[in-house]
Structure formats: C-alpha cells, structure tokens
Amino acid sequence: MTGLTPSTRYSMTRRPLLNTIILVPVVILALLASAASKAAPPCLPVGLQCEHLVNPIGLDAPAPRFTWRLVDVRKGAKQTAYHLLVGTDSLAVARGTGAGWQSGKLASDAQLVTYAGKSLQPFTRYFWRVEVWDKDGKPSTSAIAYFETGMLNSRNWQGAWISDRNDVDLKPAPYFRRTFKTTKAIKSARAYVAAGGLYELYLNGQKVGNHRLDPMYTRFDRRTLYVTYDVTSQLLAGSNAIGVLLGNGWYNHQSTAVWDFHKAPWRARPTFCLDLRITYADGSVELVSSGKGWKTSLSPIVFNSIYTAEHYDARMEQPGWNTASFSDSTWKDVIYRASPSPTIVAQAMHPIRNVEAIPARSITKINDTVFVYDLGRTIAGVSQFSVSGPAGTTFRLKHAERLYPNGRVDQSNIDAHFRPVGTSDPFQTDLFILGGKGVETFMPHFNYKGFQYVEVTTSRPMELTRDALTGYFMHSDVPVVGQVTSANLTLNKIWAATNSSYLSNLFGYPTDCPQREKNGWTGDAHIASETGLYSFDGITVYEKWLADHRDEQQPNGVLPSIIPTGGWGYEWGNGPDWTSTITIIPWNVYLFYGDTKILADNYDNMKRYVDHITELSPSGLTTWGLGDWVPVKSKTPVEFTSSVYYFTDVSIVAKVAALLGKPADAARYVALAAKIRNAFNARYLNRQSGGYGSGLQTELSAALHWGLVPDDRKSQVAATLARRVIADNNHIDVGLLGTKTILNALSDNGQSDLAYAVASQETFPSWGWWIRNGATTLYENWPIDATSDISMNHIMFGEIGAWYYKALGGLKPDPTQPGFKNVLLEPHFVTGLDHFEASHDGPYGTISSAWNRSGKAVHYRVTIPPNSTATLKLPGEPATHKLEAGTYQFDIR
Ligand code: BGC
C-alpha cells in the first residue's frame, strides 16, 4: 500500500484537481496490553449476550440467539472455529461436557448462533459458554453466561387477570395487595407481571426494579407484554406483602386529543395478572398469584395520563399499604377480568428508566406564588419535586419547552392537538397536594413529558429553592454504541442534540415528539433509524416495534401511519413514504447486526405491503403519501417521493427474498423494481440535462441516494445536484424525505466538501442555525419563528447524525457481509474541518476512524475489530485496500 498514487479530489466550487496522496502505513499498533492481560490468552470471547441482552431473565424465545465478541489485539485476529454449550448444570457447562446442547466444534467465524437443542423448559436458568479457536487454531473459552426462560407458553400462567370494580372513566389509580408467608429457606424467587395499562410492583414496601412505564406500549388487544423480575433478595422469612399500583398508560387513555386514543378498542380499567414463583432450597416451588384474596383500594394518584400529567394528593396516602403489617380491612375485593389479548409475551428489551438526573440550572421568581425552573436543556421525562408545607398546599407544575418574553412558560408550540374537555386535565401539568408531613417528594409514576422549563404555581405565597426540582431524562435505556467528535464545536453540538432527540423519542417504540403527540410516527422513525443504530444498541426496541407493525397490519397489507394505534392513521399519512418502516427498519437492523431474524419475521408482512401498493399502482408510480414533510420552501411532488419509496421497498423485498432462499420471489421483485425504475425515469429523468423533475434538491438527491439513477447518468445528475445546492447558497432546501438524501447523495457522489459546507451551515436554513439559537435538541421546523409544526424535540430531521459516521468517518456496513463483518470504510477529509473521529461498537467490537489535518497532511487512524475486515477507500484513490483486523495509521500528503 505504500507508494505514490495519482488521485482525484473534488472541491465544491473548483473543477477536479489532481493531487498526490502518499499512503504510509506508519505503524500497526497493537492496543495497549496491560500487565494483567499478559497472562490472558491472546484471543478471548467476551460480551456474551442472549437475544441481544446480557444475562436476560424471562425469555419466551423458543430458539434464543447467542452472540459474543473477541478480545484479540493481534493483526488479522480471527475466529476459525467455535463450540457453544448450553445446559442447566453450570458445572457441566464449565467442564465442557454433559451440557444439554452442544453445537459441536464448527469451523466457522460466526459470532451469532441460534439455539438448536431440544425444547427449552419454562422458568429455567440455562448456562452457556463458547469456546473459540483463534487464527492460529488455539482455543480459549469464555466465562459462563446465562439466560432464563419465562412462561414460554401462555398456558403456564397460574394467576388470574384482576382489577377493581371501577368504571373506565374513574380517575384515581388503584392499589392492590395481598400478604403471604414463606415457610422455608428461599433459593430464588421471580415475579412475572403482565398488565393492561402500567404498573409498579412492590414487595415489603420496596419498589421492585428500576424500570419505568412497564410494560411497553403495544396494541393491547393483540399482544400484551409481561416483565420478569428477580425478587429473591426482597422476600422475607415469614410474613410478606406484595403490592401493585396500576396506571392507565395507553390502555386507558382518559385525555382527549385528535388521535382518539380515548376511543381505542382495547380501552378499559387497568388490569393485571401476576405469578410470584418462589423456589425453596429444598427444590419445592410455591406460587403466589393474582386472584381472589387480593384487596384493592384507591391510591393518592388521583389522576394519571401518559399523555398529559399526573395529579397526586398526599393526604390520601396510606402509609405501609404494601407491607405485611398494614390493615386492609377497609379495602375492597377484586374482580376477575378477561385477559386483554390472547397473546401475553415476554418483554425482552432494554427497559425505560430515569437515565439521567438533571438538576435545575436556575429558578426565577415571577411573584409570590409563581416560580420558573430551567433545566438548561430540553428533555423527555419527568421532574421530581421536594417541598414541605401545610396539608392541602397545592403545587401546579406546568412543563414546557419555551418561555414567553415575560418569563412564564409557553405551551403554545406543543398543545396544538390536545382537545381537553373541561379544565381538570391541564396539559403537561402535574398537580401535587401536600399531606403536611415534613419534606414530601413527588415524581409522576405513569407519565412523561417533553420540557426544559417547569412553572410551579403554589396555592399560597411561599419561597421555593432551586434544588427543590430535579429533571429526569427518561427513555428506553439502550446502551450507547457510537461516538462522534470533531474540531467543529457546532457539529459536536448537533450530534449531541440529535442523540438527545433520538432518545427523547424512544419509549419502547420510536415517537415523533415527547410532548404534543408521543405517537409512533412511522416516517420519522425510518428516517432516523440509521442515526439511532450508529449511536445506540436499538435492536431489541426495533424488533418489538416491528412486532407492533405485524399486529397493526391489515390482511391486505395496509399499515397505519402511527404504530401502535387505537385505529387512527389507516386513512391518513400512511403511504409508502411513511410506512416503509416495514422494509427499511428490518433491513437497517440486518445491516447493523447481521441478524436475519427480523427479516424472516417480517418477510410476509413486507410482501403484503408492497403487493398492496402494486395493486394500487399498476403503472409503477404511486401518489399515495404525504411527501417531503415540512420543507424549507420547495415541495417535491408526492408521486415522486412515494414512487421512490415504493421502489426502495420492492428492492429490499427482492434482497430479503434472495437471502431467505426464495429465488422465485427474488426474481419477481427484481423485475418489479426494474419496472418501477423505468416508469420513474421515463417520467422524471431528463437524460439530456441530467436533471429530475423540476430539479429540486429532494428530487435529485432522492433519485441518487435510493438508486433510481441509471449508472450512465449518475455523475451528470450529481453535477446537477451540486449546481442546485450552490445556487441555493450551499444551504438545504428539503423537507423530511430530502434530509435523508441530500447530504448522502452529495458525499456519495464526489461532493463531500459541498455536503460538509451544507451540513456545517450556521445560518438559516440549517441544523447549525438551531444550535446558534440555543437548541439542545432537534426541531420540527427550520425557521426558529415558524408558527406551526414547531415542536422543539423532533427526531425527524436527524439523519445528519448518521451522515457524520457515514461520510466523515466513512463507516458503513457492507450489505454483502452485514453486521460490519466487513466495514466499508470511506472517510472524507473535508475542507474546513481539521479533525474528526467516529467509532461504533458493532457485533465484532469497536470500529474507529479518526483523522487529523496538519498543514497539507492528513493523519488517518483506523481500528478494525477482530474477526472482521474492511475495504478502505481513501479520497481520490481509485483502488481500494483490504484491511484485516488491527489498528492502522496512514499519513496522507
Ligand atoms: C408529526 C410528524 C409526523 C407527521 C406526519 C406530525 O404531526 O409530529 O413528525 O411525521 O405529523 O404528517
């Protein structure tokens, strides 16, 4: 690779120049080997996961997937064989003999293996380990990991679905309790809880676990999730009490808004089913289950809405309600209820948590009874408020993303679709009434909001302090798997804002915004899916959300525009530009994880979906869709963008068919894709000028990015696009769909300097313009002073986050070797940026790509993890270089 290579670089305004790049693999760096690791084998399998989770309990998957990574810093590190063992006897698994299932030693570099032993038993802990053989054929063995099965089959539930007798419109949240005795030494105990609605589980006065808003939102009448907890340490010898607090969540939506969730077909008073399974040291098992014998009472949560807020009257607290010594003689009996759905399945995913505590940055006293807290950044979550005062003192905590000039909170950008009946359910406003017992703390149990500011109004004059209020950023607690940093501080802030908006919109399903809607808008989610996958380990959330898709799909293939839905969205907004989630998200998950399960699970649904579009659109073009939503100024015709997505869907189905071994389907969809492409180009491509449609940024970039441009016209269309962007003063003129394509189409077609010029703008319209105006999250509209579509925490314009990885870091998955088995590395050392680095923890380990410019030289350093390779393409170099695992540094002059 050493030597002089004539090369070509493009700049945005000049014609191509000839430069000279000297590639000097300066050194192949072994990662620092600590003294301790000297004794360790050079290759070690680590990071064992089952179903993409670390030591999960309560799984229902009949054939769980196992994954691991290698620690091996040697150049060209590889796995040449593996042997996986699974069994219930940890000693047998450790010995490597006598385990229940052994894959046998297989000469394979696979690091994702699906269980193929005999049927798993419910409520059972399985231990597993993997032995791998390295590039020299030397073996090493992982530590032991485990997974535990849950119900496996709905028939294994013993409890009954129960609730109180109250009506669906009754506001207060119910408590449930019962006591029981343990008689022998306890070996282990598990609680399995399914709910229509939301719940918190308590044992002997303590909340179980640190999850929030369990179970995740699903279409409750089709599929309801249950959660498993290890409660061994919370049980006492002798008397015990179990308590359950039920919230409404999306199951009993009492707030009224335009999407009619209050009319959802599943809506009912919350209900739950619980099995507490105690295994004693002598091997016997005892169950404490929901059923008659439980007692119920109303709790101090006098109102709770996932959509608006929670109201809490501490005067109604019943101290000790979830302890054994409490007298429940005034409590009522429970009633039996039908199960919300026939399918009750394990929630196998990263839970929602209070992930980050954010102390209030300031407090402003407006008058004797009104104070405004500022967290300093926009989040999704809740505020926790601690205060003391006489019983009956009331606090109203009104949450908002912005302030009026007079310093009061302004909700006018986020309450647009709320249709309150009366005044008892104010938007994003918690009510807290003191019980008068010293310092009292309130934090909503069953609600979250989008906000930066909290205006607290007290029922009588008092002084509040800054530290009385803390914000908690809540979201699906997905592990961080990506990092970006650069010499451009605005770029770094855009990246951070993108992550904040992505996470603010991840609550077991992706949402559009955490305040106005909390809806699982499909279009926003597929556009943001790469951004999410580069930075966060999102596979468990996406697999669950695709199951939500399957629940919502009509037999004829139609999907609603928001998922889950209570029925709204089958008639509006659900064309291929939005509901292509059914193809695009499985495909992206496959590219990032190399796991075909999500493709196989959704293949029929993808097919039904595209077949339905084909039925509607015999010409190959479709006008079904919303188009380039919230554009800067120019709007591409809907037929253009929807046909692009139709083509994209069909192309994905063709690839998936081939992968799943369905050649006849593959051939059919390849032919259909060609037909759509031809119809599209016949209608929109100007072969002479190399233009599309009327030559808008979205038109030109979408045709390029999604592969509709004939090969012999690509450079011409790219040149037309560059001219268009330059004529637009190096600024974007796109909406949602164009944000996906504009930067990529430029940087993938020789215009990376221009792409960076657009991406790094700090004047309107641009991402940087928001940051210059104080944004800490991404906005829904380009002008700061827009008057509609003005949420301040939307992820829909978030593709720029993925673009940093793809274009500047040059890290892309290779569709022919997905899961970054081979990394397509193509960094762009763009003009105007002197330092950039990106890393992504893929299935094989951390891939990193970092460059520094000094004078005319660029120092480029890249790490390829063990058992994977890269195809490196350096700017201007016509040839590519194959890299094996290792760390490389290049000096490019
Ligand atoms: C949402 C968007 C969504 C759109 C679809 C809006 O109300 O907030 O993000 O994609 O509707 O039209």
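For the structure, see preceding data.
Chemist: Give a description of the overall build of the protein that names residues and reports values.
Modeler: Check the secondary structure of the protein and you find 16 helices and 46 strands. The globule rule puts the C-alpha radius of gyration for 893 residues at 29 Å, and the 28 Å found for the protein is close to it. Taken across its 893 residues, the protein has 61% of its residues classed as buried. Considering only contacts in the protein between residues 6 or more positions apart, those separated by 24 or more positions represent 74%. With an accessible surface of roughly 31600 Å², the protein has 53% of that area assigned to carbon and sulfur atoms.

Chemist: How would you sum up the packing of aromatic side chains? Please name residues and give values.
Modeler: Using the criterion set out here, one finds 58 aromatic pairs in the structure. When the centroid spacing of 6.2 Å and the interplanar angle of 35° are considered together, the rings of Phe395 and Phe432 count as tilted. You can see Phe395 sitting in strand β29 (residues 394-400) and its partner Phe432 sitting in strand β32 (residues 429-433), a full 37 residues away along the chain. Accessibility classification places Phe395 together with Phe432 in one group, the buried group. On the basis of an interplanar angle of 20° and a centroid distance of 4.2 Å, the ring pair of Trp782 and Phe797 is categorised as stacked. Separated by 15 residues along the polypeptide, Trp782 in the loop between α15 (767-772) and α16 (799-809) and Phe797 in the loop between α15 and α16 bring together distant segments of the chain. Overall, Phe797 belongs to the buried group, its relative accessible area being 0%. Within the aromatic cluster, the residues linked to one another by ring pairs are Tyr217, Phe220, Trp250, Tyr251, Phe261, Trp266 and Tyr509. A cation over an aromatic ring shows up here: Lys105 above the ring of Trp133, its NZ or CZ 4.3 Å from the ring centre. The side chain of Arg125 reaches across the aromatic face of Tyr146, ending 3.7 Å from its centre.

Chemist: Before we move on, can you summarise the sheet that holds strand β7 (residues 112-114) with the specific residues and values?
Modeler: Pairing between sheet strands relies on hydrogen bonds along the backbone, with the strands arranged either parallel or antiparallel. The strand order β3-β4-β7 describes an open sheet built from three strands, whose pairing is antiparallel. Because the sheet does not close on itself, it has two edges, and the strands there are β3 (44-50) and β7. Strand-to-strand twist of the sheet, defined as the mean angle between neighbouring strand axes without regard to direction, takes the value 25°.

Definitions and limits used
- Residues numbered from 1 in each chain as written.
- Predicted model: local features only at pLDDT ≥ 70, side-chain atom pairs only at ≥ 80, totals over all residues.
- Heavy atoms only, no water.
- Helix = DSSP H or I, 4+ residues; strand = E, 2+ residues; numbered from the N terminus.
- Rg over C-alpha atoms; globule rule 2.2 N^0.38 Å.
- Buried < 20%, exposed > 50% of the residue type's maximum accessible area, 1.4 Å probe, protein only.
- Contact = heavy atoms within 4.5 Å.
- Areas by Shrake-Rupley, 256 points an atom, 1.4 Å probe, with all protein chains shown as cover.
- Phe/Tyr/Trp six-rings, centres within 6.5 Å; stacked < 30°, edge-to-face > 60°.
- Lys NZ or Arg CZ within 6 Å of the ring centre and 35° of its normal.
- Pairing = 2+ DSSP bridges.
- Axes fitted to C-alpha atoms, helices over the stretch in contact; angles between N-to-C directions.

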